[in-house]
Amino acid sequence: MWLDKILTFLVPKDKKFFALFAKDAANLVEISKALVEFVNSHSIEKRQENLRRIHDLEHVGDNITHEIMTELSTNFITPFDREDIHYLATSIDDIADYIYSAAKKIELYKIEEISPAIKKLAELIEKSCNEINVAVFDLRSLDNVVRIKEACVRINSLENHADDIYHGAIAELFDKETNAVTVIKYQDILIALETATDKCEDVANVIETILVKNS
Amino acid sequence: MWLDKILTFLVPKDKKFFALFAKDAANLVEISKALVEFVNSHSIEKRQENLRRIHDLEHVGDNITHEIMTELSTNFITPFDREDIHYLATSIDDIADYIYSAAKKIELYKIEEISPAIKKLAELIEKSCNEINVAVFDLRSLDNVVRIKEACVRINSLENHADDIYHGAIAELFDKETNAVTVIKYQDILIALETATDKCEDVANVIETILVKNS
Amino acid sequence: MWLDKILTFLVPKDKKFFALFAKDAANLVEISKALVEFVNSHSIEKRQENLRRIHDLEHVGDNITHEIMTELSTNFITPFDREDIHYLATSIDDIADYIYSAAKKIELYKIEEISPAIKKLAELIEKSCNEINVAVFDLRSLDNVVRIKEACVRINSLENHADDIYHGAIAELFDKETNAVTVIKYQDILIALETATDKCEDVANVIETILVKNS
């Protein structure tokens, strides 16, 4: 680690990582937008089109993750600690996976009525992904630490909000729904969406770790 | 790593980590006690009070985890390998999360009758957390390796016991319960409790790794 | 890392890791075979016998994982990066765990009719484990990189196939099954099997990382 630190002064910081993470975060914003459009689709055709788009974007994200990991494997110098880069890439990938998984479940389970809680969670995920985009972009220079920190605080509070929505929806589901298969379906979808916001919080946490280490 | 080893002889071991882990493990014992009281509450009010207490303690634990991670990010010298400290803190945090999650589910699902299996699992979790407390405290000096090892063995055997209770309860649930929504609820709670004991085993495993590396 | 690289030229590569991983992969092949036999058992007795065999082999695997981790803790020089060895061992262990978990659920839930999707997934898991065995064995010399890469490609395509089978089975289950408890049971088993193939993909990914780093 001390060697890394010294060499960081001698060698220009690898710009490639920042370019890749910027691409990754921008792609995540697109996925989360597609999710919001998916849950608000007014026709089956529109919904299927949005699901295909989520799937395609998730695949684009997979390739970016793979590129980051290859860079990590072959680069001696990294702008931040290797394990933090790894964790950041993995967490962004996880968010995309859970978004796709939630949308796919909605299709597989032939959900006709998208509940208000599902729509609200999709919206909170989109907001969190926008904040992630801000924070990840600013990691590039680190001269805007306050802006990064504020984005992280907002991601945490969006996750708390999502938690409340999730708990309320689960309580209502078990309280009112008598069809057990319907309970299983909605519970499964709600869990996938809520887990996506947990993964957003993981991103905020690792970014905060990076700030602590580089302050 | 070799540098770490050499420097360990020159610099007094950082006492801060031990103090933080001791606090973390003591807090975990409190959470597990609160869980046992929660599942044995004789009134709704008492139960809600215990849930609030679990929630508060889980929050205290979150802050301790955060402190450990910050120490880890900013300290060059650590008493054990960084990844082991990270894993130990994460696993203790996970136990607290699953305890809170199980209790929260019991409330969300409006479970009136706490089954004997749930009570038994809560009790096994409390016992495991007590053993974790012993083992973590003794990491401080490492001159009581036998006591640490024995605690780890007991954690493993408590996990095996929990596994049997869990499997028995699941088999009975699917065998006898005809209301599918009830099946979902109890299965969900049992999984959360059983996962808490898995996380206790993770703690025992990482402590054993630390012993191997420092023997 | 640079020190590791230099020393790798001075010290003969530790053969012990390769021997342990070869044993681990060969054991995994046995577990996957036992799973295929389990789902195709023609009598309750035969099924129970196969479950016991899976359990025993999973226990053997646990011990090999433990040996690898102890080697990792006590060896200064490792043939590949420590984190990759750790991840490879953990992923192989996870595959075995999910195989046992799926089989155990089939027993706990008293499933009488093993569906074609379950049989097909078991078969795909066995094929993936055979490919893992090829790839892990060839890591020993790295002079057959093409063969390792081809095995990894096949593992990825087997996982895609498993994904399709899983999605089809889930869609059909929710479409046709009216008994909610039956839905829970089959969904649970299908998830465990599908997760086993995900873990096979994790093995392929870490092997590809090892190849990138050592090319």
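Model, not experiment: these values are computed from the prediction.

About the cut-offs
- Residues numbered from 1 in each chain as written.
- Chains lettered and ligands numbered in written order.
- Predicted model: local features only at pLDDT ≥ 70, side-chain atom pairs only at ≥ 80, totals over all residues.
- Helix = DSSP H or I, 4+ residues; strand = E, 2+ residues; numbered from the N terminus.
- Rg over C-alpha atoms; globule rule 2.2 N^0.38 Å.
- Contact = placed C-beta atoms within 7 Å.
- Nonpolar A, V, L, I, M, F, W, Y, C, P; charged D, E, K, R; others polar.
- Core = buried A, V, L, I, M, F, W, Y, C linked by C-beta atoms within 7 Å.
- Buried ≥ 20, exposed ≤ 12 C-beta atoms within 10 Å, placed from the backbone.
- Least-squares fit on C-alpha atoms with pLDDT ≥ 70 in both.
- Expected span 1.5 Å × (residues − 1).
- Axes fitted to C-alpha atoms, helices over the stretch in contact; angles between N-to-C directions.
- Parallel < 35°, antiparallel > 145°, perpendicular 65-115°, else oblique.
- Left-handed = near helix turned anticlockwise from the far one by under 90°.
- pLDDT = per-residue confidence, 0-100.

Quick look at the overall build of chain A
Of regular secondary structure, chain A possesses 7 helices and 0 strands. Going from the N terminus to the C terminus, chain A shows its helices and strands as α-α-α-α-α-α-α. Relative to a compact globule of 215 residues, whose C-alpha radius of gyration would be 17 Å, chain A shows 19 Å and is just as compact. Taken over the C-alpha atoms alone, chain A extends approximately 65 × 30 × 25 Å along its principal axes.

Side note on the interface of chain A and chain B
Residue-level contacts link 10 residues of chain A with 10 residues of chain B. Mapped onto the side of chain A that touches chain B, the elements with two or more residues apiece are helix 6 (145–176) and helix 7 (180–213) of chain A. Looking at side-chain class alone, the side of chain A that touches chain B contains 7 nonpolar, 2 polar and 1 charged residues.

A look at the nonpolar core
Among the nonpolar cores identified, the biggest contains 200 residues, and Ile99 of chain A, Ile99 of chain B together with Ile99 of chain C are the most heavily contacted of them. Once you skip the residues sitting within four places of it in the chain, isoleucine 99 of chain A turns out to touch Ile31, Ser32, Leu35, Ile54, Ile125 and Ala196 of chain A.

Considering the relation of the copies chain A and chain C
Laying chain A over chain C is done by rotating through 120° and shifting 0.0 Å along the axis; what remains is an RMSD of 0.0 Å. Taken together, the rotation angle and the small translation identify this as a three-fold axis. It is alanine 180 of chain A whose C-alpha, among those of chain A, lies nearest the rotation axis, at 3.4 Å. Little of the interface of chain A is mirrored in chain C, where only 20% of its interface residues are also at the interface.

Remarks on the environment of alanine 22 of chain C
Residue and element names in this part refer to chain C. As for its placement among the helices and strands, alanine 22 is situated in helix 2 (residues 15–39). Along the backbone, alanine 22 and valine 39 are 17 residues apart, and their C-alpha atoms lie at a distance of 26 Å. Apart from residues no more than four positions distant in its own chain, alanine 22 is found in contact with Val136 and Phe137.

Here's the deal with helix 4 (residues 82–108) of chain A
Taking 1.5 Å of rise per residue, 27 residues should cover 39 Å, and helix 4 of chain A covers 38 Å from first to last C-alpha, within 8% of that figure. Just past helix 4 of chain A, the residue lysine 110 of chain A takes up positive phi, approximately 50°.

Side note on the relation of the copies chain A and chain B
Turning chain A through 120° and shifting it by 0.0 Å along the axis lays it on chain B, with an RMSD of 0.0 Å. Interface overlap between copies: only 20% of the residues of chain A at the interface are likewise at the interface in chain B, consistent with a contact formed by different surfaces.

A few points about the packing of helix 2 (residues 15–39) of chain B against helix 5 (residues 116–138) of chain B
Residue and element names in this part refer to chain B. Axis separation between helix 2 and helix 5 bottoms out at 9 Å; the angle between their running directions is 165°. In terms of orientation, helix 2 and helix 5 fall into the roughly antiparallel class. The chirality of how helix 2 crosses helix 5 is left-handed. Residues Phe21, Ala22, Ala25, Ala26, Leu28, Val29, Ser32, Lys33, Leu35, Val36 and Val39 of helix 2 lie in contact with helix 5, whose contacting residues are Ile118, Lys119, Ala122, Glu123, Ile125, Glu126, Cys129, Asn130, Ile132, Asn133, Val136 and Phe137.

Regarding the environment of leucine 35 of chain C
Residue and element names in this part refer to chain C. With respect to the element layout, leucine 35 can be found in helix 2. Judged by the 31 C-beta atoms lying within 10 Å of it, leucine 35 falls in the buried class. For the pair leucine 35 and arginine 47, spaced 12 residues apart in sequence, the C-alpha to C-alpha distance is 9.7 Å. Setting aside anything within four residues of it in sequence, one finds leucine 35 in contact with Ile54, Ile99, Ala103, Ala122, Ile125 and Glu126.

Things to note about the confidence of the model for chain A
Residues and elements named next belong to chain A. In the predicted model, chain A carries a mean pLDDT of 93, and 93% of its residues have values of at least 70. When the elements of chain A are averaged for pLDDT, helix 1 (residues 2–10) gives the smallest value, 51, and helix 5 (residues 116–138) the largest, 97. Every residue in residues 7–12 scores below 50 in pLDDT, and together they form 4 contacts with partners more than four places removed in sequence or on other chains. We note a pTM of 0.91 for the whole complex and an ipTM of 0.87 for its interfaces.

Re the interface of chain A and chain C
Residue-level contacts link 10 residues of chain A with 10 residues of chain C. Elements represented by at least two residues in the side of chain A that touches chain C include exactly helix 3 (44–74) and helix 7 of chain A. In terms of residue class, the side of chain A that touches chain C is made up of 6 nonpolar, 3 polar and 1 charged.

Regarding the packing of helix 2 of chain B against helix 4 (residues 82–108) of chain B
Residue and element names in this part refer to chain B. For the pair helix 2 and helix 4, the least separation of the axes is 10 Å and the interaxial angle reads 15°. As summarised for this structure, helix 2 and helix 4 are arranged roughly parallel, according to the angle between their axes. Judged by the twist between their axes, the crossing of helix 2 over helix 4 is left-handed. Between helix 2, through Phe17, Asp24, Ala25, Leu28, Ile31, Ser32, Leu35 and Phe38, and helix 4, the contact on the second element is made entirely by Ile85, Ile92, Ile95, Ala96, Ile99 and Ala103. A breakdown of the residues in the contact of helix 2 with helix 4 according to their chemical character gives 12 nonpolar, 1 polar and 1 charged.

Let's talk about unusual backbone geometry
One non-glycine residue, lysine 110 of chain A, lies in the positive phi region at around 50°. Inspection of the secondary structure puts lysine 110 of chain A in the loop between helix 4 and helix 5.

Some remarks on the environment of alanine 117 of chain C
All names here are of chain C. Residue position: alanine 117 is located in helix 5 (residues 116–138). Take alanine 117: there are 21 C-beta atoms within 10 Å of it, and that puts it in the buried class. Apart from residues lying up to four places away in sequence, alanine 117 is in contact with Ile165, Ala169 and Leu190.

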